[in-house]
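Observations on the model geometry
One letter stands for each residue in the lines below.
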Amino acid sequence: MSRSAHPAGPRHADVLTEGHYSAPAADLNVLDEKVWSRTVTRDADGALTVGGIAVARLAEEFGTPAYFLDESDFRARCRAWADAFGPDADVFYAGKAFLSRAVVRWLKEEGLNLDVCSGGELTTALDAGLPAERIAFHGNNKTVAEIERAVEAGVGRIVLDSFQEIVRVAHIAQRHGVRQRVQIRVTVGVEAHTHEFIATAHEDQKFGIALADGQAAEAVRRALSLDGLELIGVHSHIGSQIFDMAGFEVSARRVVQLLAEVRDEHGVELPEIDLGGGLGIAYTSEDDPREPHEIAKALSDIVTRECEAAKLRTPRISVEPGRAIVGPTAFTLYEVGTIKPLEGLRTYVSVDGGMSDNIRTALYDAEYSVALVSRTSDAEPMLVRVVGKHCESGDIVVKDAFLPADLAPGDLIAVPATGAYCRSMASNYNHALRPPVVAVRDGEARVIVRRETEEDLLRLDVG
Ligand code: LLP
């Protein structure tokens, strides 16, 4: 995600050579379809519409800040992933990206499975009627109570993350008189090219069991020896927001090598491998994500090739995209408040949300785009930083972007590609009220997660 410094218009000329931003788009009114959900367009008056509804109407009805989720885009992306991988593979949507009961129902209808990583996500999925066998349960420190609930519900698989958990799950399953289907999460030693905090397959981190020093082979040995477990395969997740398929190829190769070792040692061909999620999306015009069919082909080619070389039956592949499904389908709508030009630097545009509804910029140095959406403008571009209303100078939503210089308090601006890890990581910092998620489809908008109220805050504060 390299971004070049670029000379641009006359404003703020002295900083334009040292920033990490791109040149302003030739026309700020044009919405780059790469970063906006599929039904987003501008209407005849220049206002952004989604699912056929103009943002001014959405803001009036639902308030700001709010996330607007393009339901038909979400469903289309589910179908694209399911079609790309076909009937011989499984797509598990990673619920941590964003989960609600409506989303679970859409997944169910579109034929996807679900990856959950907490009791709360499990409850949401079951409550929305997803059959337990379509659920995979993850986590590096599942509690005994969570494991009990998952086993009782009959989840399709539990992904084991440690030696202690192998024994724990086996014990609980036996107590319930069942053989729990499990996978073992291995760390394959790949350094994914992403932010350190979201790369997960290098060895010095908390997830999984290392392949390199024979630990993973030992974990397989133990899992195969326990009556309460049915070991169905091996799992690897190498990180997040990854564009380069090379890391997945190395991961797939190493996982297949492990399957071959297991076959040689135990005479057992494990029937499944899961290659995790982590596929990147476009947050700005400079990001070039792969399409699901390209990803599916790259992964299945490498697995097939490696299995042929190892004379193994090709295992059933599963993947767990979260961000790649929901990320591009939503934008956050904000109302512009205070505008503060800092001469020779940039203009700070404050919005009515901030790090409480999008922590990713502060946490990962994430890059986002932004557009004026309540109207078009022919004013020249001005270099802005979009900031929130929280008491923290790191409360930045969009670090560097261009908005029209005639931007005024009361204008609506929107940040696209906020469907993943924004509402799900939202907080009540400064007692902010977490924004609603509104699903928009075919001219209709409905709240799927309502806005928090001050009563909600006080209800938890029991004095
Ligand atoms: N499978 C497993 C085992 C995972 O740990 C994750 C993400 C996924 C699938 C889905 O990854 P995705 O396709 O959404 O990248 N909060 C961070 C991302 C952390 C992801 C953790 N695990 C962010 O905002 O970028």
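Quick look at the overall build of the protein chain
Across its full length, the protein chain carries 12 helices and 21 strands. The globule rule puts the C-alpha radius of gyration for 463 residues at 23 Å, and the 23 Å found for the protein chain is close to it. Per element, the accessible surface of the protein chain, about 19400 Å² overall, is 48% carbon and sulfur. Taking the average location of the 49 positive side-chain charges in the protein chain and that of its 71 negative ones, the two points are 4 Å from each other.

Some words on the domain arrangement of the protein chain
Domain assignment breaks the protein chain into domain 1 (12-70 + 328-460) and domain 2 (138-321). For domain 1 and domain 2, the distance between their C-alpha centroids amounts to 36 Å. Taken together, the 12 residues of domain 1 in the interface contact 11 residues of domain 2. In total, domain 1 and domain 2 occlude about 1100 Å² of area from one another, counting both sides; carbon and sulfur atoms represent 53% of this.

Re the packing of aromatic side chains
Evaluation of the coordinates by the stated rule reveals seven aromatic pairs. Ring centres 5.7 Å apart and planes at 75° place the aromatic pair Phe-74 and Tyr-93 in the edge-to-face group. Of this pair, Phe-74 sits in helix α2 (residues 71-85) while Tyr-93 sits in strand β5 (residues 89-94), and the two are 19 residues apart along the sequence. The exposure class assigned to Phe-74 is buried, which follows from its relative accessible area of 0%. Classification of Tyr-93 by relative accessible area gives buried; the value is 0%. Feature note: the residues Trp-36, Phe-62, Phe-68 and Phe-331 constitute an aromatic cluster, connected by ring pairs.

Focus on the site of the ligand
Among the 19 residues in the neighbourhood of the ligand, the closest are listed as Glu-320, Arg-323, Arg-360, Tyr-364 and Tyr-421. Here a nitrogen atom of the ligand and a side-chain polar atom of Glu-320 are 2.7 Å apart. Against a free-state accessible area of 580 Å², the protein chains account for coverage of 92% of the ligand. Here the shell around the ligand is composed, by residue class, of six nonpolar, seven polar and six charged. Inspection of the shell around the ligand shows a minimum of three residues originating in each of domain 1 (12-70 + 328-460) and domain 2 (138-321).

Considerations on the sheet that holds strand β2 (residues 48-50)
On the basis of which strands lie adjacent, the open sheet formed by three strands has the order β1-β2-β3 and antiparallel pairing. At either margin of the open sheet sits one strand with a lone partner, and together these are β1 (41-42) and β3 (53-54). Note: β1 against β2, two bridges, orientation antiparallel. Directly across from Arg-42, in β2, lies its bridge partner Leu-48.

Section: the nonpolar core
Ranked by size, the top nonpolar core spans 111 residues in total, and within it Phe-74, Tyr-93, Ile-158, Ile-413 and Ile-448 carry the most contacts. Ranked by residues supplied to this core, first place goes to helix α8 (residues 246-266) with eight residues. Of all hydrophobic cores here, the second largest spans 22 residues; its members include Leu-31, Phe-62, Ala-282 and Ala-371.

Quick word on the pattern of salt bridges
Applying the stated criterion to the full structure yields 31 salt bridges. Between Asp-73 and Arg-38 there is a salt bridge, and its shortest N-O distance comes to 3.2 Å. Of this pair, Asp-73 sits in helix α2 while Arg-38 sits in the segment before β1, and the two are 35 residues apart along the sequence. Measuring nitrogen to oxygen at the nearest pair gives 3.7 Å for the salt bridge that ties Asp-400 to Arg-385. One end of the pair, Asp-400, is in strand β18 (residues 396-404); the other, Arg-385, is in strand β17 (residues 381-387), and 15 residues separate them in sequence. Through salt bridges with shared partners, a single ionic network connects Glu-71, Arg-75, Arg-79, Glu-109, Glu-110, Arg-441 and Asp-442.

Focus: α8
Given a rise of 1.5 Å per residue, 21 residues ought to cover 30 Å, and the 30 Å separating the end C-alpha atoms of α8 matches this to within 8%. Turning to α8, its buried residues are Gly-247, Phe-248, Ser-251, Ala-252, Val-255, Val-256, Leu-258, Leu-259, Ala-260 and Val-262. Where α8 is buried, its residues contact β9 (180-187), α7 (215-225), β11 (229-235), β12 (272-274) and α9 (292-310). Two residues or fewer after α8 comes Gly-267, characterised by a positive phi angle close to 70°.

Concerning the side chain of Asp-411
Take Asp-411: it is sitting in the loop between β18 and β19 (412-416). In this structure Asp-411 comes out as buried when scored by relative accessible area, which is 9%. One polar contact links Asp-411 to Arg-375, side chain to side chain, over a distance of 2.8 Å. When sequence neighbours within four positions are dropped, the list of residues in contact with Asp-411 reads Tyr-334, Glu-335, Val-336, Leu-372, Ser-374, Arg-375 and Asp-406.

Section: the pairing of β18
Counting buried positions over the nine residues of β18 gives eight, a clear majority of the element. Direction of pairing for β17 relative to β18: antiparallel, over a ladder of six bridges. The partner of Met-382 across the bridge, within β18, is Leu-403.

So, how was this worked out
Residues numbered from 1 in each chain as written. Predicted model: local features only at pLDDT ≥ 70, side-chain atom pairs only at ≥ 80, totals over all residues. Heavy atoms only, no water. Helix = DSSP H or I, 4+ residues; strand = E, 2+ residues; numbered from the N terminus. Rg over C-alpha atoms; globule rule 2.2 N^0.38 Å. Areas by Shrake-Rupley, 256 points an atom, 1.4 Å probe, with all protein chains shown as cover. Lys, Arg positive; Asp, Glu negative; His and termini not counted. Charge placed at Lys NZ, Arg CZ, Asp CG, Glu CD. Domains from an automatic or database assignment. Contact = heavy atoms within 4.5 Å. Buried area = accessible area lost by both parts, 1.4 Å probe. Phe/Tyr/Trp six-rings, centres within 6.5 Å; stacked < 30°, edge-to-face > 60°. Buried < 20%, exposed > 50% of the residue type's maximum accessible area, 1.4 Å probe, protein only. Near = heavy atom within 4 Å. Polar contact = N/O pair within 3.5 Å; in protein donor to acceptor, adjacent residues only side chain to side chain. Nonpolar A, V, L, I, M, F, W, Y, C, P; charged D, E, K, R; others polar. Pairing = 2+ DSSP bridges. Core = buried A, V, L, I, M, F, W, Y, C linked by side-chain atoms within 4.5 Å. Salt bridge = Lys/Arg side-chain N within 4 Å of Asp/Glu carboxyl O. Expected span 1.5 Å × (residues − 1).

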